[in-house]
Amino acid sequence: MKEVMIHHPHSFEKEDFPQLVMALGFFDGVHLGHQQVINKAKKIADQKGIQSAVMTFDPHPSVVLGRKQKHVHYITPLEEKKRIISEMGIDYLFIIRFTSDFAALEPQAFVDQYIINMNVQHVVAGFDYTYGKFGKGTMSTLPEHSRDAFSYTVVNKYEIDNEKVSSSRIRKLLNEGETVEVIPLLGRPFQISGTVIHGDKRGRTIGFPTANIGIDSDYLIPKTGVYAVKIQVNQQWYEGVCNLGYKPTFQKPDEPSLSIEVHILDFDHSIYGEEVQVQWFQRIRDERKFNGINGLITQIEIDKQTALCFFEKLLT
Ligand SMILES: Cc1cc2nc3c(=O)[nH]c(=O)nc-3n(C[C@H](O)[C@H](O)[C@H](O)COP(=O)(O)O)c2cc1C
Ligand SMILES: Nc1ncnc2c1ncn2[C@@H]1O[C@H](COP(=O)(O)OP(=O)(O)OP(=O)(O)O)[C@@H](O)[C@H]1O
């Protein structure tokens, strides 16, 4: 997949690109609703015998347009989004830097400069896609803005349980710790990547060594608690039980720092510095402050059994 980063204003001309069928959207999560749009673009491109493309933006428009939010956390940060879209067989990914100047473009100017002038023959977007200043451009204004230079397909609302599959729905579920509910919406478990870093080295002494994960980029982190997870180390997936939180049993109250640590089942290697992927399955419980270490050890053993039961059921 060719990646093209664009900063507004750009000086590309039609001749710089082959004929394209382009899917439009922010696509955080690349969930099943997004996949309808992107797969449709690929299918039409294949039928027409031309190249498929996705146009996305970075950072999230709310960083520029929002009053409060300065930093956004993503279901799929840009690198993850690139990886998934590339695996879907798309030929071109356009990443438009979402600046105030770009946001101020009138809808017609957006269509002229970012669709017609980039050799797009056909546009695919969802029923609720908006473009241009204040999101004034919609799928019903697209025909007049197209100047008959391209055709287009509107993808109908894709729902699960009578509700639109959307990035906001998935974000809300992750914030509530409903990681299992997210799986059918994404079409895969929620996944983060990170590096194994040094912790307090206490885990080993209590019989549950853990891999402490330093998160690589601006991932949205689920609600704190204990989770059944899978972790990929050196191309191999393992089951595990993860504590995401502040370790209140040991934490000094004036030094709250969030940690993600995974006790990998049936595993005994040193993996400091390894790049790992963590997939989030079932949330098991809230994190608690224990009075003594023995209570914590007994509870972690129960957590381990709960996770094992969950994964066993998943197989059947
Ligand atoms: C499955 C699991 C559940 C845990 N639950 C809690 C908990 O409820 N409260 C808590 O204070 N720490 C909890 N911990 C964190 C342990 O305190 C932590 O693993 C231990 O202190 C080792 O930390 P270290 O890796 O930084 O040395 C849990 C750890 C695991 C693996
Ligand atoms: N469930 C869906 N069915 C059909 N099209 C969708 C669906 N969800 C998103 N789209 C389309 O996919 C593209 C990307 O959408 P966008 O990034 O705004 O996602 P979203 O999930 O709707 O996000 P948000 O929850 O933030 O509104 C747009 O063209 C949008 O219309």
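Residue positions are counted from 1 within each chain, in the order its sequence is given. Just so you know, chain letters begin at A and ligand numbers begin at 1, following the order they were written in. Restriction of local features to residues with pLDDT of at least 70 applies here, the model being predicted, together with a cutoff of 80 or more for giving and counting side-chain atom pairs; totals for whole chains, interfaces and linings are based on all residues. For side-chain calculations, the full set of non-hydrogen atoms in the structure is used, while hydrogens and water are omitted.

### Things to note about the site of ligand 1
Right, on to step 1. Any residue with a non-hydrogen atom lying within 4 Å of a molecule or strand is treated as near it. Taken together, the neighbourhood of ligand 1 is formed by 23 residues, with Asp200, Arg202, Lys247, Thr249 and Arg288 sitting nearest.
Right, on to step 2. Side-chain atoms alone can form a polar contact between residues adjacent in sequence; in general such a contact is a pair of N or O atoms within 3.5 Å, and within protein one must be able to donate a hydrogen while the other accepts it. Within the side chain of Asn212, an N or O atom sits 3.2 Å from an oxygen atom of ligand 1.
Right, on to step 3. Lys247 places a polar side-chain atom, nitrogen or oxygen, 2.8 Å from an oxygen atom of ligand 1.
Right, on to step 4. Note on areas: Shrake-Rupley with a 1.4 Å probe; residue coverage comes only from the protein chains shown. Here ligand 1, which alone exposes 630 Å², has 99% of that area covered by the protein.
Right, on to step 5. Only DSSP runs of H or I with at least four residues qualify as helices, and only runs of E with at least two residues qualify as strands; both kinds are numbered from the N terminus onward. Top element by residues in the shell around ligand 1 is helix H9 (residues 293-315). It accounts for three residues.

### Brief notes about the domain arrangement of the protein
Right, on to step 1. Source of the domain bounds: an automatic or database domain assignment. Each domain of the protein was delimited in the assignment, giving domain 1 (2-164) and domain 2 (181-315).
Right, on to step 2. With centres defined by C-alpha atoms, the gap from domain 1 to domain 2 works out at 36 Å.
Right, on to step 3. In this assembly, 16 residues from domain 1 lie in contact with 11 residues from domain 2.
Right, on to step 4. In total, domain 1 and domain 2 occlude about 1,100 Å² of area from one another, counting both sides; carbon and sulfur atoms represent 55% of this.
Right, on to step 5. Per-residue buried area on domain 1 facing domain 2 is highest for Ile75, Pro77 and Glu80; these three make up 37% of the total on that side.
Right, on to step 6. A pair is scored as a salt bridge if a Lys or Arg side-chain nitrogen falls within 4 Å of a carboxyl oxygen belonging to Asp or Glu. There are zero salt bridges connecting domain 1 and domain 2. It only takes one pair of heavy atoms within 4.5 Å for two residues to be counted as in contact. In short, buried area is how much 1.4 Å probe accessible area vanishes from two parts on joining, totalled over both.

### Structural notes on H9
Right, on to step 1. Helices are assigned an expected span. That span is 1.5 Å times one less than the residue count. Helix length check: H9 (23 residues) gives 33 Å between terminal C-alpha atoms against 33 Å at 1.5 Å per residue, within 8%.
Right, on to step 2. Every buried residue of H9 is accounted for by Leu296, Gln299, Ile300, Asp303, Ala307, Phe310 and Phe311. Burial classes follow relative accessibility: with a 1.4 Å probe on protein chains only, a residue under 20% of its type's maximum area counts as buried, one over 50% as exposed, and anything between as partly exposed.

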